[in-house]
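Given next are the chains, with one letter for each unit.
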Amino acid sequence: MRILAIRGRNMASLAGDWEVRFDSGPLAKAGTFAITGPTGAGKSTIFDALCLALFANTPRYQGGQSYHVGDTGQDEKDKLRAADPRSILRRGTSEGYAETEFTDKNGAHFRAKW
């Protein structure tokens, strides 16, 4: 499997639409590379988006606390559990997505979306 691109919208520290392409630009020919940046820049969010698109879950939220998160007085059934992957949506937003494009060993092209 070769990852071609990872995209998302309104995920954690990455506001709005964003995209990381591995099939063009400097990363297209890079054998090994590092994703670096300061705390809160979105490094982990890029990998969360990859996992969400492929598996509808991410290691950051697996096995997390099972308490409910929401406003005081809000019905418990309307609150999310802290370990719910939907918690990755950026505060103040009501929509988002994670998507990855990849090829298999035979070169077939696929897109997975959460």
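The rules we used
- Residues numbered from 1 in each chain as written.
- Predicted model: local features only at pLDDT ≥ 70, side-chain atom pairs only at ≥ 80, totals over all residues.
- Heavy atoms only, no water.
- Core = buried A, V, L, I, M, F, W, Y, C linked by side-chain atoms within 4.5 Å.
- Buried < 20%, exposed > 50% of the residue type's maximum accessible area, 1.4 Å probe, protein only.
- Helix = DSSP H or I, 4+ residues; strand = E, 2+ residues; numbered from the N terminus.
- Contact = heavy atoms within 4.5 Å.
- Polar contact = N/O pair within 3.5 Å; in protein donor to acceptor, adjacent residues only side chain to side chain.
- Salt bridge = Lys/Arg side-chain N within 4 Å of Asp/Glu carboxyl O.
- Pairing = 2+ DSSP bridges.
- Axes fitted to C-alpha atoms, helices over the stretch in contact; angles between N-to-C directions.

Here the focus is the nonpolar core. Membership of the largest hydrophobic core comes to 16 residues, with the highest contact counts inside it found for Ile3, Ile6, Met11, Trp18, Ile46 and Ala49. Considering every element that reaches this core, the biggest residue donor is helix H1 (residues 43-55), with 5 residues. Excluding residues within four positions of it along the chain, Trp18 makes contact with Ile6, Arg7, Gly8, Arg9, Met11, Thr45, Ile46 and Ala49.

Here we come to the side chain of Thr100. Residue position: Thr100 is located in strand S5 (residues 97-103). Given a relative accessible area of 0%, Thr100 falls into the buried group. A polar side-chain atom of Thr100 sits 2.9 Å from the main-chain carbonyl oxygen of Ala5. Once residues lying within four places of it in the same chain are set aside, the contact partners of Thr100 are Ile3, Ala5, Ile6, Leu50, Ala53, Leu54, Phe110, Arg111 and Ala112.

Throughout the structure, instances matching the rule amount to 10 salt bridges. Here Arg9 ties to Asp17 by a salt bridge, and the two come within 2.6 Å at their closest N and O atoms. Here Arg9 falls in the partly exposed class, since its relative accessible area comes to 25%. A salt bridge links Glu99 to Arg111; its shortest N-O distance comes to 3.8 Å. Separated by 12 residues along the polypeptide, Glu99 in strand S5 and Arg111 in strand S6 (residues 109-113) bring together distant segments of the chain. With a relative accessible area of 8%, Glu99 lands in the buried category.

The next subject is the sheet that holds S5. Taken in spatial order, the 4 strands of this open sheet run S2-S1-S5-S6, and their pairing is antiparallel. One side of each edge strand has no neighbouring strand; the edge strands of this open sheet are strand S2 (14-21) and S6. Going across the sheet, the axis of each strand differs from the next one's by a mean of 10 degrees, ignoring polarity. Both strand S1 (residues 2-11) and S2 contribute to a ladder of 6 bridges, which runs antiparallel. Across the sheet, residue Ile6 finds its bridge partner in S2, namely Val20.

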